[in-house]
Amino acid sequence: SRAFALNKPECPYLLLGMFCSLLNGALFPALALILSEVIDHLLNYQPGQDDKNTLRNHVDDYCIGFLAIAVVGFLGSFCGMWLYSIAGQNLTVRIRQMAFRGVLRRDMGYFDKEENKSGALVAMLEMDAAGVKNLVGSQL
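Bear in mind that the values here come from a model prediction, so they are computed numbers and not experimental data.

A.B. asks: Hey, could you run me through the environment of Gly102 in this one?
C.D. replies: Within the fold, Gly102 resides in helix α3 (residues 52–104). For the pair formed by Gly102 and Gly48, sequence separation is 54 residues and the distance between their alpha carbons is 81 Å.

Structure below.
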């Protein structure tokens, strides 16, 4: 819950990312509707009675519908992942800054201990913040 509270400034990015995810989720029912229409027209086609131009016009409309679904799906996926990544990166920077400020406030004797050498502290700054980013960022 604290990670979500820290991610509050990125709420607009997360909300837009959720909208993109919802848009991607709505594509499959739309695809099912178009496919059902295609199947309906193909099953009800009478070769001698129906005009070929009418069938051609329907096929053109369905192709445009499939293309629109593909474009919306691509843009929704790309924008959603991009927005979630921005939110995760901003959270990672914020957590690293907080951890670094906490390290700088320590006594001098803290740094003399073997487990608190500079390499261990840098690794801690990197690994802990990246773990929280995975929790709240693009994996969300």
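A.B. asks: Looking at this structure, I do not really get the packing of aromatic side chains. What am I missing?
C.D. replies: To describe a pair of aromatic rings, one takes the distance between the centres and the angle between the planes. Taken as a whole and assessed by the stated rule, the structure comprises one aromatic pair. Between Phe74 and Phe78, the aromatic rings sit 6.2 Å apart at their centres with planes inclined by 15°, giving stacked as the arrangement. Residue Phe74 and its partner Phe78 are both found in helix α3; the two are separated by four residues, about one turn of the helix. By relative accessible area, which is 56% here, Phe74 ends up exposed.

A.B. asks: Could you clarify how one ought to interpret a nonpolar patch on the surface in this entry?
C.D. replies: On the surface, Leu67, Val71, Phe74, Leu75, Phe78 and Trp82 cluster together into a nonpolar patch covering about 660 Å² of accessible area. Positionally, Val71 belongs in helix α3. Classification of Val71 by relative accessible area gives partly exposed; the value is 42%.

A.B. asks: Can you help me understand the side chain of Thr92 in this one?
C.D. replies: Its place among the elements puts Thr92 in helix α3. Residue classification places Thr92 among the buried positions, given a relative accessible area of 4%. Looking at Thr92, its side chain comes within polar contact range of the main-chain oxygen of Gly88, at 2.8 Å.

A.B. asks: Is there a simple way to think about the pattern of salt bridges in this case?
C.D. replies: For side chains bearing opposite charge, pairing can occur when the charged atoms are close. This model, assessed by the stated rule, comprises two salt bridges. In this structure, Glu10 engages Arg94 in a salt bridge whose closest nitrogen and oxygen atoms are separated by 2.8 Å. Residue Glu10 is located in the loop between α1 (2–6) and α2 (11–43), and its partner Arg94 is located in helix α3; the two are separated by 84 residues in the primary sequence. Taking the relative accessible area as the measure of exposure, Glu10 reaches 5% and is therefore buried. Here Asp60 and Arg56 are joined by a salt bridge, their closest N and O atoms 3.5 Å apart. With Asp60 and Arg56 both in helix α3 and four residues apart, this pair spans about one turn of that helix. Residue Arg56 is classed as exposed on the basis of its relative accessible area, which comes to 54%.

About the thresholds
Residues numbered from 1 in each chain as written. Predicted model: local features only at pLDDT ≥ 70, side-chain atom pairs only at ≥ 80, totals over all residues. Heavy atoms only, no water. Helix = DSSP H or I, 4+ residues; strand = E, 2+ residues; numbered from the N terminus. Phe/Tyr/Trp six-rings, centres within 6.5 Å; stacked < 30°, edge-to-face > 60°. Buried < 20%, exposed > 50% of the residue type's maximum accessible area, 1.4 Å probe, protein only. Patch = residues over 30% accessible without salt bridge, like charges linked within 9 Å, V, L, I, M, F, W, Y side chains within 5 Å. Areas by Shrake-Rupley, 256 points an atom, 1.4 Å probe, with all protein chains shown as cover. Salt bridge = Lys/Arg side-chain N within 4 Å of Asp/Glu carboxyl O. Polar contact = N/O pair within 3.5 Å; in protein donor to acceptor, adjacent residues only side chain to side chain.

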